[in-house]
Amino acid sequence: MGGISQSSLRDVPDKDYASWSGVCRTDGGGFCGTRTLPFKSAPLNATNQDGVFMDCNLASDDEPEKRIWKFTVRTDTSRGEMVYQAQFDLKAAIDKATLNSNADTSDTHPWARVMVPFDQFQLVRGPRLVPDGPKLDVSGGIFQIGMTLSKFQIAANTTQLEDFRPGYFNLHIQSIGFYRNEAGDNGVTNGSGAKVPDTFTKKEAESKRPLVLKFLLPVAKLLFSEQANRRRSAMNILREKRGLTRPKAILFGIRSRRMAMGLLPSVMKTLGIIGIDAFRTGLKTLLKIVFVYPSKLVFATVRNCRKMLGMKAKPSSAE
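Rules of the game
- Residues numbered from 1 in each chain as written.
- Predicted model: local features only at pLDDT ≥ 70, side-chain atom pairs only at ≥ 80, totals over all residues.
- Heavy atoms only, no water.
- Pairing = 2+ DSSP bridges.
- Helix = DSSP H or I, 4+ residues; strand = E, 2+ residues; numbered from the N terminus.
- Axes fitted to C-alpha atoms, helices over the stretch in contact; angles between N-to-C directions.
- Contact = heavy atoms within 4.5 Å.
- Disulfide = S-S within 2.5 Å.
- Salt bridge = Lys/Arg side-chain N within 4 Å of Asp/Glu carboxyl O.
- Buried < 20%, exposed > 50% of the residue type's maximum accessible area, 1.4 Å probe, protein only.

**Student:** Mind laying out the sheet that holds strand β1 (residues 6-11), listing which residues take part and the relevant values?
**Tutor:** The five strands are arranged β1-β2-β13-β4-β7 in an open sheet whose pairing can be described as antiparallel. Only two strands of the sheet have a single partner each, and these edge strands are β1 and β7 (112-117). Neighbour-to-neighbour, the strand axes of this sheet turn through a mean angle of 30°, independent of strand direction. Strand direction decides the pairing type here: strand β2 (residues 18-24) and strand β13 (residues 167-179), joined by seven bridges, are antiparallel. Each bridged residue has a counterpart across the sheet, and for valine 23 the counterpart in β13 is tyrosine 168. Its contacts with the sheet put helix α1 (residues 90-100) on β4 (51-58), β7 and β13, and the angle it makes with β7 is roughly 135°.

**Student:** How would you summarise the state of the cysteines if you had to cite specific residues and measurements?
**Tutor:** According to the stated counting rule, one finds zero disulfides in the structure shown. Here cysteine 32 stays free of any disulfide, with the sulfur of cysteine 24 as its closest cysteine sulfur at 4.3 Å.

**Student:** Give a detailed account of the pattern of salt bridges, specifying residues and quantitative values.
**Tutor:** Considering all chains together, one arrives at seven salt bridges under this definition. In this structure, glutamate 63 and arginine 165 form a salt bridge, with 2.7 Å as the shortest nitrogen-oxygen distance. Remark: arginine 165 occurs in the loop between β12 (159-160) and β13 and glutamate 63 occurs in the loop between β4 and β5 (68-74); sequence separation between them is 102 residues. Lysine 91 is paired through a salt bridge with aspartate 95; the nearest N and O atoms lie 3.3 Å apart. Here lysine 91 pairs with aspartate 95, and both are found in helix α1, just four residues apart, close to one helical turn. With a relative accessible area of 38%, aspartate 95 lands in the partly exposed category. In the salt-bridge network here, residues are joined through shared partners; they are Asp61, Glu63, Lys66, Arg67 and Arg165.

Right, dumping it as structure tokens:
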């Protein structure tokens, strides 16, 4: 997840931890995320718990403070963009773990324990706070847990970390769970007796999507494909950093492909890419005219009417 950024969470063979790794790019993105698949039956039971903890260490570099790290939870079965999030200070947790492990010089990468209270989670839409959003209520269970690495801080208006570090990252995760303040072992509840619900497979989750999503997602993949984003980024680099015009950048692409596939296949492939991109641009424009602009007009009209009547109105995305 994350525009042209990519990441994945996977098991590490013969190790007692998982690896969440990827490449975060700021052009057309600026964040990476991972989350659990939908649970099959009951949600995670967080009754009488005070927050989420994670034992982890950053294996890729020593600059955790140059990213924004967030936990994400859902308290219902929706898959919308509104979720509860909380930032956590990975650097502080790593510094504390390093200080506590100084006596053991062989432990060069100690496990850092991140602890995030439930009362720090806030309702967000993307990276932005939802004004006057309700507080997190976990009494009905937690339906999804996720993590995000981002250049965006949680704030009412879009706020970026000034010295954000893009590129490769690799976070090793040993365990994730709930903690209770009065429990022993550094405040972490022993979850050995807790039942973790099974999740659907990716294929099962996709089959349970509403019919509307089944139709819209292929269209979204066509409009916002990874390859198209990468081509756009490459074109921007050639034009902005190398000073090439668009035609010269296209010729540069033909020459580059010619070495691998020959001149004629290179030309045909380039023409195919131009045709697909032109179709994608036309489809985007059509969807904006048919759906986006009318929706914005209706939303603005309803919002202005509510203001005129003295009723509370949701802020627009531009505010």
